[in-house]
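A closer look at the structure
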Amino acid sequence: MSIQVNDFQWEPGKNDAEYIKLLESSRDEWQKIAQKAIAKLKALSKAQEPVEPVVDIDTWKCGNCGHTLEHQELLGDNVLFHEQYNYCPECGRAVKWE
């Protein structure tokens, strides 16, 4: 039985040292790839955490993109409809209202 890594064939007793170096190099490369993937996933996961809104004069804005997080309109005579969004309508980020 023969084991191959990147088309390098192991010949027991003949090229053991070279094959071990190749396996270690391959392992190290995969470890670097895995570490980068883990770091990226952690960053993306953190990016999905809710953000606190920011007050801009008298308007609440998304702490991520700055889009307005409130909607107000007049419904008939003297009836004001006011809504605060739980998700930013622009970037989709969850809003952490206190």
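Figured I'd write up the structure that's included with this text.

Moving on: the overall build of the protein. Assigned secondary structure in the protein consists of one helix and six strands. For the protein, the N- to C-terminal ordering of α and β elements is β-β-α-β-β-β-β. The C-alpha atoms of the protein give a radius of gyration of 28 Å, which is well past the 13 Å a tight globule of 98 residues would have. Burial status across the protein gives 12% buried among its 98 residues. Taking all contacts inside the protein whose residues are at least 6 apart in sequence as the whole, residues at least 24 apart take part in 25%.

Overall, the coordinates contain two aromatic pairs when judged by the stated rule. Each ring, one from Trp10 and one from Tyr19, has its centre 6.0 Å from the other, and the planes form 20°; the classification is stacked. A relative accessible area of 4% means that Tyr19 is categorised as buried. The interplanar angle of 75° and the centroid separation of 5.5 Å between the aromatic rings of Trp60 and Trp97 together place this pair among those described as edge-to-face. Placement of Trp60 in strand E4 (residues 59–61) and of Trp97 in the segment after strand E6 (80–84) is noted, with a sequence separation of 37 residues between them. A relative accessible area of 29% places Trp60 in the partly exposed class. Taking the relative accessible area as the measure of exposure, Trp97 reaches 24% and is therefore partly exposed.

Turning our eyes to something else, we now look at a nonpolar patch on the surface. On the surface, Leu75, Val79 and Phe81 cluster together into a nonpolar patch covering about 230 Å² of accessible area. Tracing the backbone shows Phe81 in strand E6.

The rules behind the values
Residue indices follow the written sequence of each chain, beginning from 1 at its first position. Where local features are concerned, this predicted model is filtered to residues with pLDDT of at least 70; where side-chain atom pairs are given and counted, the filter is 80 or more; whole-chain, interface and lining totals use all residues. Note: side-chain values were computed over all heavy atoms of the structure, leaving out hydrogens and water. Helix and strand definitions here come from DSSP, where helices need a minimum of 4 consecutive H or I residues and strands a minimum of 2 consecutive E residues; each element is numbered from the N-terminal end. Just to be clear, the radius of gyration here is over C-alpha atoms, and the globule rule we use is 2.2 Å times residues to the power 0.38. When a residue's accessible area, from a 1.4 Å probe over protein chains only, is under 20% of the maximum for its type it is buried; when over 50% it is exposed; and in between it is partly exposed. By definition in these notes, contact holds between two residues if any of their heavy atoms fall within 4.5 Å. Note on ring pairs: Phe, Tyr and Trp rings are taken, using the six-membered ring of Trp, and paired if centres are within 6.5 Å. Classes follow the plane angle, with under 30 degrees stacked, over 60 edge-to-face and the rest tilted. The patch calculation keeps residues exceeding 30% relative accessible area without a salt bridge and links them within 9 Å when they carry like charges or within 5 Å when they are nonpolar (Val, Leu, Ile, Met, Phe, Trp, Tyr). For every accessible area listed, the method is Shrake-Rupley and the probe measures 1.4 Å; residues are considered covered only by the protein chains on display. We define a salt bridge as a side-chain nitrogen of Lys or Arg found within 4 Å of a carboxyl oxygen belonging to Asp or Glu.

Purely spatial values, then, with no claim about function.
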